[in-house]
Amino acid sequence: MAESEHNAQLQRALLAAYAARDIARLPGLYNEAGLLREAAGDIDAACFFFTLAYVYGLDAGDEETASAAHARLVAHGRER
Amino acid sequence: MNTFDAAVLARVQKPITEANGLPNAFYTDPDVFEAEKRVLFASTWACIGFAKDVAGPGDARPVEFLGQPLLVVRDKDGTVRVFQNVCRHRGMILVSEPTTLRSTIRCPYHSWCYNFNGTLRTTPHVGGPGKNLHDAIDRDRLGLIEVRSHIFMDMIFVNLDGKAPAFETHAAGIIERWGEFAHRPLFHGDEAASFTLEVKCNWKLAVENYCESYHLPWIHPGLNSYSRLEDHYNICSPRHFSGQGTTVYNPQIDGSGRAFSSFAGLGEKWATGAEYLTLFPNVLLGVHKDHTFAIMLDPQGHDRTIERIEIYYASEEMRGDDWRGMREKHAAMWKDVFVEDVFVVEGMHRGRSASLFDGGRFSPVMDEATHCFHDWVAGRFSGQYGG
């Protein structure tokens with residue numbers, strides 16, 4: 001899948017999750033967005049998304065995703 | 001009349017044969033109520049709620065007490081803590097309704113996240129987008145503001161100014177007197193054992209009415225058949241609590257002969273006795289061989305009070321569905337009694353607008369517990385008892 005198409009797909013999924021107040025979906029989607037930007041070398045954007053994945057992961061009790069996002073943030077010096 | 005005049009307070013603290021009750025302003029003046037928040041509540045131990053309302057890990061309950069936004073949270077290890085319900089960032093209210101938190105207390109504004117023990121866990125984008133650290137933001141110094149708290153007989157007490165003696169010291173007398181109840185698990189009877197009354201009176205009038213037995217034959221005639229006035233005695237522990245006891249507690253709930261189980265190992269006194277105490281300032285407590293109850297007074301102003309009543313039983317079995325009907329009848333029985341008191345406390349409140357009323361005279365025999373409470377209020381305002 002082309003990167004732009006993947007981005008657009010993620011964007012639609014995020015908007016749908018917000019519209020449905022489906023907070024449990026947000027950590028995974030934001031983590032995916034973070035990994036996409038990280039692979040593209042855009043670390044600031046990646047860490048923006050990882051931060052949202054981390055916070056919503058904590059909020060939703062999705063410890064696994066929160067932990068994964070937290071690890072990426074620590075690796076980039078953005079979190080302790 | 002100056003409410004804080006030393007001579008006025010001294011008159012309240014005279015021996016009961018000479019004393020007047022607290023002057024009208026203690027009931028009618030919003031400024032006095034504002035002063036009470038500091039002198040009688042924030043600097044002592046006040047009840048703000050019940051631990052059963054945060055029964056499970058992550059349960060969080062916002063509480064507005066005397067205008068203070070508080071947050072009660074049960075940690076994963078079972079510890080209950082009380083915090084000021086505000087984010088250390090912009091002062092946003094953190095939790096607005098009772099909820100079960102999963103892993104964090106997240107501020108709904110900029111999503112600063114706190115652990116259940118109040119420590120600050122993350123500060124999203126605080127150093128710019130995707131940068132969650134900044135040298136100026138020392139997370140170790142920006143945890144939630146914890147309020148000193150203590151749980152006693154399932155009641156959550158707080159000392160808002162953090163300067164009162166330890167709760168165990170503050171309540172040593174009642175803990176000793178009621179040791180047989182204070183150091184054992186209590187089993188709340190769920191929604192069938194929980195009700196609220198809203199009364200148009202100053203909170204102190206609810207205390208005063210509760211702690212004396214003088215009114216029982218007139219206001220609660222239903223009690224006369226099995227709990228007569230002469231079976232009651234006064235209880236006074238100056239500066240701490242006062243109330244009444246009875247030597248005849250004879251539960252008659254539904255006439256079926258069915259009875260709640262009793263607490264195990266109680267002393268002989270409790271086979272037929274019961275006691276009703278006010279732990280100053282705002283909890284009215286009752287203990288019996290088969291149940292206890294607590295009434296938290298939640299003042300809403302100088303002229304309005306919410307009474308939260310919670311009933312507890314001796315065993316898990318009493319919480320079962322087959323006892324639900326009994327619990328409902330039991331709660332209804334107590335509610336009838338407490339509702340009978342409403343016109344009295346509201347009538348006394350209206351009476352306090354009588355400008356020439358001098359605070360009243362006490363029965364030297366029957367009003368000892370009320371005088372004990374007034375002495376505590378006056379003593380704290382005069383500085384004699386701290387505060």
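I will try to describe carefully the structure that is included in this document. (Residues numbered from 1 in each chain as written. Chains lettered and ligands numbered in written order. Predicted model: local features only at pLDDT ≥ 70, side-chain atom pairs only at ≥ 80, totals over all residues.)

### A short note on the overall build of chain A
Along chain A, the regular secondary structure elements total four helices and zero strands. In sequence order, the secondary structure elements of chain A are arranged as α-α-α-α. Relative to the 2.2 N^0.38 estimate, which gives 12 Å for 80 residues, the radius of gyration of chain A is 12 Å and therefore close to what a compact globule would have. Oriented by its inertia axes, the alpha-carbon framework of chain A measures out at about 30 × 30 × 15 Å. Taking all 80 residues of chain A together, the buried fraction comes to 42%. (Helix = DSSP H or I, 4+ residues; strand = E, 2+ residues; numbered from the N terminus. Rg over C-alpha atoms; globule rule 2.2 N^0.38 Å. Buried ≥ 20, exposed ≤ 12 C-beta atoms within 10 Å, placed from the backbone.)

### As for the environment of Phe 260 of chain B
All names here are of chain B. By the element assignment, Phe 260 lies in the loop between strand 14 (241–246) and helix 9 (269–272). In this structure, the C-alpha to C-alpha distance between Phe 260 and Met 326, residues 66 residues apart in sequence, is 8.3 Å. When sequence neighbours within four positions are dropped, the list of residues in contact with Phe 260 reads Asp 290, His 291, Tyr 313, Ala 314, Met 318 and Met 326. (Contact = placed C-beta atoms within 7 Å.)

### Quick word on the packing of helix 7 (residues 203–211) of chain B against helix 11 (residues 342–351) of chain B
Residues and elements named next belong to chain B. At a minimum axis distance of 9 Å, the contact between helix 7 and helix 11 shows a crossing angle of 130°. By the criterion of interaxial angle, the relationship of helix 7 to helix 11 is oblique. Handedness of the helix 7/helix 11 crossing: right-handed. Residues Leu 205, Ala 206 and Asn 209 of helix 7 form the contact with helix 11, whose participating residues are Val 344, Val 345, Met 348 and His 349. Residue composition of the contact of helix 7 with helix 11, grouped by class: five nonpolar, two polar and no charged. (Axes fitted to C-alpha atoms, helices over the stretch in contact; angles between N-to-C directions. Parallel < 35°, antiparallel > 145°, perpendicular 65-115°, else oblique. Left-handed = near helix turned anticlockwise from the far one by under 90°. Nonpolar A, V, L, I, M, F, W, Y, C, P; charged D, E, K, R; others polar.)

### Overview of the interface of chain A and chain B
Across the contact, 15 residues belong to chain A and 14 residues belong to chain B. For the side of chain A that touches chain B, the secondary-structure elements that each account for two or more residues are helix 3 (43–60) and helix 4 (63–75) of chain A. The element best represented in the side of chain A that touches chain B is helix 3 of chain A, accounting for nine residues. A per-class count over the side of chain A that touches chain B returns seven nonpolar, two polar and six charged.

### Concerning the pairing of strand 15 (residues 274–279) of chain B
Residues and elements named next belong to chain B. Burial runs high along strand 15: six of the six residues are buried. The side-chain alternation of strand 15 yields two buried faces, one formed by Ala 274, Tyr 276 and Thr 278 and the other by Glu 275, Leu 277 and Leu 279. Relative to strand 15, strand 14 is paired through six bridges, and the arrangement is antiparallel. Its bridge partner lying in strand 15, Ser 242 is registered against Thr 278. Sheet analysis places strand 15 next to strand 16 (residues 283–287), joined by five bridges and oriented antiparallel. Counted as the bridge partner of Leu 277 is Leu 285 from strand 16. Count of turn residues in the strand 15/strand 16 antiparallel hairpin: three residues. (Pairing = 2+ DSSP bridges.)

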